[in-house]
Amino acid sequence: MMKCVQSWPEPIVRVQSLAQSGMTKIPEHYIKPPSKRPSNVDNTTVNIPVIDMQSLTGDDQGLRETTLQLVSNACREWGFFQVVNHGVSHELMKRARETWREFFEQPLGVKQEYSNDPSTYEGYGSRLGVEKGAILDWSDYYFLHYLPPALRKPHKWPALPSSCRDLIEEYGEEATKLCGRLVKMLSLNLGLGEDYLPNAFGGENVGACLRVNFYPRCPQPDLTLGISPHSDPGGMTLLLPDEDVAGLQVRKGDNWVTVKPVPNAFIVNMGDQMQVLSNAIYKSVEHRVIVNSVKDRVSLAMFYNPKSDLLIEPAKALVTMDRPALYPAMTFDEYRIYIRTKGLCGKAQVESLKTHE
Ligand code: OGA
Ligand code: NI
């Protein structure tokens with residue numbers, strides 16, 4: 001039976017309030033053990049692949065093929081890429097960041113009205129997981145459901161700033177439309193035809209949740225993380241990163257590569273359900289966020305997920321004698337209970353399900 005925890009194990013402390021208090025030492029339960037600190041500084045100049053989506057709509061067939069191939073390589077080698085010329089208005093992207101920054105900059109009392117609890121996670125939150133005494137991450141967030149429309153609860157969205165609810169609708173519409181295009185492209189690239197993955201996600205009933213992350217500046221950024229290493233549990237994530245502040249790091253072998261955001265780009269990454277559906281041809285790659293002592297950082301993560309009660313399993317066309325199905329069939333509802341109770345733990349979840357080596 002699904003365990004439905006109704007309340008947090010400890011009083012919730014807003015990380016933003018800690019940052020604003022002027023403290024010079026962070027509280028103990030944000031301090032990661034030495035091996036988990038962001039010490040291995042990334043001084044590589046590599047970046048995750050940048051894909052120009054313009055060519056996908058033009059008539060140059062050769063260019064289109066080249067772009068699809070670049071996406072295919074990015075999905076296999078990185079599990080991550082950035083997209084430019086993606087069709088979403090740059091003005092809307094800017095407004096989305098600014099509106100949410102405004103939300104977080106309001107007095108604590110205004111935001112507390114939207115405090116979330118672990119039964120749904122919807123609203124204003126400051127932790128993931130309900131294990132008492134857990135080491136926490138240096139971030140606050142706002143989590144809400146956008147799709148399917150039946151799960152949308154605009155009264156749980158911020159009423160202030162006054163443009164926020166309209167912004168969520170407008171941004172949600174554009175972001176999920178782009179997700180739809182991207183999932184079709186991934187489906188095509190896997191040789192499944194462009195409708196396979198959209199259908200596996202539930203067609204019209206696809207799910208989408210928005211998590212807006214707020215990473216306050218931190219007096220001791222070397223001791224903690226904005227988000228601990230994790231892979232995203234859902235299908236695919238469309239991330240709108242902060243314009244000015246880097247922070248996202250992607251695992252590449254034993255290294256962490258810092259993503260250098262390209263102006264007006266989105267960052268796209270594969271989630272665990274994509275790893276399962278593709279029978280691990282595409283990997284949901286671990287990532288984490290580092291913080292800094294100078295600037296707050298805002299990001300908007302749109303999680304594009306399979307309809308939560310559909311069975312997700314490796315596509316039959318990708319299961320062969322040489323490559324048996326690596327994962328059992330499971331609904332996304334069943335899958336995410338684990339993360340919501342334990343918190344983030346790298347790729348332990350999807351790995352533990354493996355039925356073959
Ligand atoms: C997430 C995430 C990265 C970022 O919300 O799952 O990985 O840069 N966010 O905020
Ligand atoms: Ni993530």
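Preceding block: the structure.
Residues numbered from 1 in each chain as written. Chains lettered and ligands numbered in written order. Predicted model: local features only at pLDDT ≥ 70, side-chain atom pairs only at ≥ 80, totals over all residues. Heavy atoms only, no water.

**A short note on the overall build of the chain**
Note the following rule: Segments assigned H or I by DSSP are reported as helices when at least four residues long, segments assigned E as strands when at least two residues long, and all are numbered from the N terminus. Every radius of gyration here is taken over C-alpha atoms, with the globule rule written as 2.2 Å times N^0.38, N being the number of residues. A 1.4 Å probe rolled over the protein chains alone gives each residue an accessible area, and that area as a share of the maximum for its type sets the label: buried under 20%, exposed over 50%, partly exposed in between.
In terms of regular secondary structure, the chain is built from 9 helices and 14 strands. Here the C-alpha radius of gyration of the chain, 20 Å, is about what a compact globule of 357 residues would show, namely 21 Å. In terms of overall dimensions, the chain has C-alpha extents of about 55 × 45 × 45 Å along its principal axes. Considering the chain as a whole, with its 357 residues, one finds that 52% of them fall into the buried category.

**Comments concerning the sheet that holds strand S6 (residues 227-230)**
Inclusion rule: Two strands are counted as paired when DSSP detects at least two bridges linking them. Interaxial angles span 0 to 180 degrees and are taken between N-to-C directions of axes, which are lines fitted to C-alpha atoms, for helices over the stretch in contact.
Spatially, S6-S11-S8-S9 is the arrangement adopted by the 4 strands of the open sheet, whose pairing is antiparallel. This sheet does not close on itself; its edge strands, each paired only once, are S6 and strand S9 (255-258). Going across the sheet, the axis of each strand differs from the next one's by a mean of 25 degrees, ignoring polarity. Bridge count for strand S8 (residues 248-252) against strand S11 (residues 287-289) is 3 bridges, and the pairing is antiparallel.

**Examining the pairing of strand S12 (residues 297-305)**
Most of S12 is tucked away: 9 of the 9 residues are buried. The side-chain alternation of S12 yields two buried faces, one formed by Arg297, Ser299, Ala301, Phe303 and Asn305 and the other by Val298, Leu300, Met302 and Tyr304.

**Some points on the site of ligand 1**
Rules: Definition of nearness: a residue and a molecule or strand are near each other if at least one heavy atom of the residue lies within 4 Å of the molecule or strand. For this analysis, a polar contact is any N or O atom pair within 3.5 Å, provided that within protein one partner can donate a hydrogen and the other can accept it, and provided that sequence-adjacent residues contribute only side-chain to side-chain pairs. Only the protein chains shown count as cover for residues, and the accessible areas themselves come from Shrake-Rupley with a 1.4 Å probe. Buried and open spaces are told apart on a 1 Å grid over the protein atoms alone, a cavity being a set of points where a 1.4 Å probe fits but cannot get out and a pocket being an open set with protein on both sides within 12 Å along at least five of seven lines. Residues with an atom within 4 Å of a point are the lining residues. Grid points define the cavity or pocket, and a molecule sits in it when more than half of its atoms lie within 2 Å of them. For this scheme, ten residues count as nonpolar: Ala, Val, Leu, Ile, Met, Phe, Trp, Tyr, Cys and Pro. Four count as charged, namely Asp, Glu, Lys and Arg, and the remainder, Gly too, count as polar.
Arg211, Tyr215, His287, Arg297 and Ser299 are the nearest of the 14 residues found near ligand 1. Arg211 has a polar side-chain atom sitting 2.9 Å from an oxygen atom of ligand 1. Within the side chain of His230, one N or O atom sits 3.1 Å away from an oxygen atom of ligand 1. About the coverage of ligand 1: the protein hides 98% of its 290 Å² of free accessible area. Assessed atom by atom at 2 Å from the grid points, ligand 1 resides in the second largest cavity. Every element with two or more residues in the shell around ligand 1 is listed here: strand S5 (207-215), S6, S11 and S12. The leading source of residues in the shell around ligand 1 is S12, at 4 residues. Tallied by class, residues from the shell around ligand 1 come to 7 nonpolar, 4 polar and 3 charged.

**Some remarks on the packing of aromatic side chains**
Condition: Stacked, tilted and edge-to-face are the three classes assigned to paired rings of Phe, Tyr and Trp, where Trp is represented by its six-membered ring and a pair needs centres within 6.5 Å; plane angles under 30 degrees give stacked, over 60 edge-to-face, the rest tilted.
Counted by the stated rule, this structure contains 12 aromatic pairs. Centre to centre, the rings of Phe104 and Tyr124 are 6.2 Å apart; their planes meet at 55 degrees, and the pair counts as tilted. Placement of the pair is Phe104 in helix H3 (residues 90-105) and Tyr124 in strand S3 (residues 123-125), with a sequence separation of 20 residues. With a centroid separation of 4.9 Å and 20 degrees between ring planes, the pair formed by Phe104 and Phe214 is classed as stacked. With Phe104 in helix H3 and Phe214 in strand S5, this pair connects stretches of sequence that are 110 residues apart. Assessed through its relative accessible area of 0%, Phe104 is described here as buried.

**Some points on the environment of Tyr282**
The line we're drawing: Any two residues whose heavy atoms approach within 4.5 Å are treated as being in contact.
Within the secondary structure, Tyr282 sits in the loop between helix H7 (272-277) and S11. Put simply, Tyr282 and Leu190 are 92 residues apart on the chain and 9.0 Å apart in space, counted from C-alpha to C-alpha. Filtering out sequence-adjacent residues up to four positions away, Tyr282 remains in contact with Ser72, Cys75, Arg76, Leu186, Asn189, Leu190, Met270, Met274 and Gln275.

**A closer look at the sheet that holds strand S4 (residues 140-147)**
Strand order in the open sheet formed by 8 strands is S1-S2-S10-S7-S12-S5-S4-S3, with mixed pairing between adjacent strands. Each of the sheet's edge strands pairs with one partner strand only, and the pair in question is strand S1 (50-52) and S3. Shown here is a sheet whose adjacent strand axes are inclined to one another by a mean of 25 degrees, direction ignored. Where S4 lies against S5, 7 bridges are found, and the strand directions are antiparallel. When the sheet's bridge partners are listed, Tyr142 is paired in S5 with Val212.

**Some thoughts on the coordination of the nickel ion (ligand 2)**
Operational definition: Sodium, potassium and calcium take a 3.2 Å donor cutoff, other metals 2.8 Å, and in both cases only N, O and S atoms count; water is not among them, so sites may look incomplete.
Protein ligation of the nickel ion (ligand 2) involves His230 (NE2), Asp232 (OD) and His287 (NE2), the donor distances falling in the range 2.1 Å. Sequence positions of the donors to the nickel ion (ligand 2) reduce to the motif H-x1-D-x54-H. Of the two residues, Asp232 is situated in the loop between S6 and strand S7 (236-240) and His287 in strand S11; the sequence distance between them amounts to 55 residues. Neither Asp232 nor His287 differs from the other in exposure class; each is buried.

**Concerning the pattern of salt bridges**
When the charged atoms of two side chains lie near each other, side chains of opposite charge can form a pair. For clarity, the threshold we go by: Salt bridges, as used here, are contacts in which a Lys or Arg side-chain nitrogen is within 4 Å of a carboxyl oxygen on Asp or Glu.
This structure, assessed with the given rule, holds 16 salt bridges. Across the pair Glu170 and Arg95 runs a salt bridge whose closest N-O atoms are separated by 3.1 Å. A residue pair is termed long-range when its members are at least 10 positions apart, and Glu170 in helix H5 (residues 164-189) and Arg95 in helix H3 qualify at 75 residues. The partly exposed category is assigned to Glu170, whose relative accessible area is 36%. The closest approach of N and O atoms between Lys316 and Glu313, which form a salt bridge, is 3.5 Å. A residue is classified by how much of its surface remains accessible, and Lys316, at 61% relative accessible area, is exposed. For Glu313, a relative accessible area of 32% puts it in the partly exposed group. A network of salt bridges, in which partner residues are shared, links Glu91, Arg95 and Glu170.

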